[in-house]
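Given next are the chains, with one letter for each unit.
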Amino acid sequence: MVVLTGFIAGCDDKYKDPDPQAMGYGYYPLEVGDYRIYNVTDIRFRFNVSDTTRVQLMERVDTTFYDQTNTLNYKIVRSVRPGEGSLWVEDSVFVVAKQPTMVTLTKDNTKYVKLVFPVKSGASWLGDAFNDRLAPGVKADSSRRSEYYLGKESYIYHNKGVPFQVNGDTYGNTVTVIQGAPYHDGIGIDDRKEVYAEGVGLVYRLFNRVVYTPCNEDQCDNGINYKLQGHERHEELISYGNE
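Since we're looking at a predicted model, the values are computed, not measured. (Residues numbered from 1 in each chain as written. Predicted model: local features only at pLDDT ≥ 70, side-chain atom pairs only at ≥ 80, totals over all residues. Heavy atoms only, no water.)

Focus on the overall build of the chain
Looking only at helices and strands, the chain has two helices and 13 strands in total. Residues counted as buried form 40% of the 243 residues belonging to the chain. When contacts within the chain are restricted to residue pairs at least 6 apart in sequence, those whose partners lie at least 24 apart make up 50%. Of the roughly 14,200 Å² of accessible surface on the chain, 49% is carried by carbon and sulfur atoms. (Helix = DSSP H or I, 4+ residues; strand = E, 2+ residues; numbered from the N terminus. Buried < 20%, exposed > 50% of the residue type's maximum accessible area, 1.4 Å probe, protein only. Contact = heavy atoms within 4.5 Å. Areas by Shrake-Rupley, 256 points an atom, 1.4 Å probe, with all protein chains shown as cover.)

In structure tokens:
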């Protein structure tokens, strides 16, 4: 588990700046004017009936500011539109801070650890380390910190340096962040991940959580894999740049 407390100085008396390439900073480029546009497919399930919405989403780095800890923050504006040719409408705002050891994202007053550095396959961390969220079904006493953090979901790097294809485009150097513990069984589905490409940023995001109606060999009134409720969302990068 990666410890989110910063680097400990080595034996050298003189501090050496970390190598950006070795650290993996390029997986999350961040400059004012950067934008990324995604095709979004959003599916809601209720009583095994799906309702699908398709829109386009743009995330644009708008401005910067320093917070009370003197940390540089980037304000990112999200806008949506029904499709190409339609006008963008601002939807929401979130804040990102990129530090030597991690990238944090704050939305609706909730902070998440999106990436940690250095980027290495198999490295894991607590994505909810700085908020009050716990893994589904977990109840923990917040006054007992060891118990509380055991109730947090871990994120883990997978497939660092592996090519990834989305919307017909292949990104040669990517890393996948697996969020939580994926499963697909008789209870339901939990499959959440984000794929980042070097020099580009986020190219694909999947959120897929579905609850099935309980079903066993003796009783299965609605059939196997009856989707009682759920939410499946795909965000696929179609263009990016700086303006």
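Picking up where we left off.
Here's the deal with the side chain of Thr-174
Here Thr-174 shows up in strand 9 (residues 169-179). Separated by 2.5 Å, the side chain of Thr-174 and the backbone oxygen of Val-162 make a polar contact. Sequence-distant contacts of Thr-174, defined by excluding residues within four places in its chain, comprise Tyr-27, Asn-159, Lys-160, Gly-161, Val-162, Pro-163, Phe-164, Val-195, Tyr-196 and Ala-197. (Polar contact = N/O pair within 3.5 Å; in protein donor to acceptor, adjacent residues only side chain to side chain.)

Remarks on the side chain of Glu-235
Turning to its location among the elements, Glu-235 is positioned in strand 13 (residues 227-242). Among the polar contacts listed, one links the side chain of Glu-235 to the side chain of Arg-233, at a separation of 2.7 Å.

Quick look at the nonpolar core
If you look at the biggest cluster of nonpolar residues, it comprises 39 residues, and the most contacted ones within it are Val-96, Tyr-157, Tyr-196 and Val-203. Formed by five residues, the second largest nonpolar core is a distinct cluster that contains Ile-43, Phe-45, Val-210 and Tyr-212. (Core = buried A, V, L, I, M, F, W, Y, C linked by side-chain atoms within 4.5 Å.)

Concerning the packing of aromatic side chains
Two measures describe an aromatic ring pair: the distance that separates the ring centres and the angle between the ring planes. With the rule as written, the count across this model stands at five aromatic pairs. For the ring pair Tyr-28 and Tyr-196, a centre distance of 6.0 Å and an interplane angle of 35° mean the geometry is tilted. Remark: Tyr-196 occurs in strand 11 (residues 188-197) and Tyr-28 occurs in the loop between helix 1 (20-23) and strand 1 (34-46); sequence separation between them is 168 residues. A residue is classified by how much of its surface remains accessible, and Tyr-28, at 11% relative accessible area, is buried. When the ring of Trp-125 is compared with that of Tyr-155, the centres are 6.0 Å apart and the planes differ by 70°; the resulting orientation is edge-to-face. Taken together, the residues span a long stretch of sequence, with Trp-125 in strand 7 (residues 124-126) and Tyr-155 in strand 8 (residues 154-166) at a distance of 30 residues. Residue classification places Trp-125 among the buried residues on the basis of a relative accessible area of 0%. In this structure an aromatic cluster arises from ring pairing among Trp-125, Tyr-155 and Tyr-157. Across from the ring centre of Phe-130, 5.4 Å away, lies the NZ or CZ of Lys-111, which sits over that ring. (Phe/Tyr/Trp six-rings, centres within 6.5 Å; stacked < 30°, edge-to-face > 60°. Lys NZ or Arg CZ within 6 Å of the ring centre and 35° of its normal.)

Topic: the confidence of the model for the chain
Averaged over all residues, the pLDDT of the chain equals 89, while 87% of them reach at least 70. Note on residues 5-13: pLDDT is under 50 here. Beyond four places in sequence and across chains, it has six contacts. (pLDDT = per-residue confidence, 0-100.)

Digging into the pattern of salt bridges
Note on pairing: side chains with opposite charge can pair once their charged atoms come close. Evaluation of the coordinates by the stated rule reveals 14 salt bridges. As a salt-bridge pair, Arg-78 and Glu-235 come within 3.7 Å of each other at their nearest N and O atoms. Of this pair, Arg-78 sits in strand 3 (residues 72-81) while Glu-235 sits in strand 13, and the two are 157 residues apart along the sequence. Exposure class is identical for Arg-78 and Glu-235. Each is buried. Between Arg-209 and Asp-190 there is a salt bridge; the shortest N-O distance is 3.5 Å. A residue pair is termed long-range when its members are at least 10 positions apart, and Arg-209 in strand 12 (residues 201-212) and Asp-190 in strand 11 qualify at 19 residues. Salt bridges sharing partners connect three or more residues here, namely Asp-42, Arg-44, Glu-59, Arg-78, Lys-114, Glu-194, Arg-205, Arg-233 and Glu-235. (Salt bridge = Lys/Arg side-chain N within 4 Å of Asp/Glu carboxyl O.)

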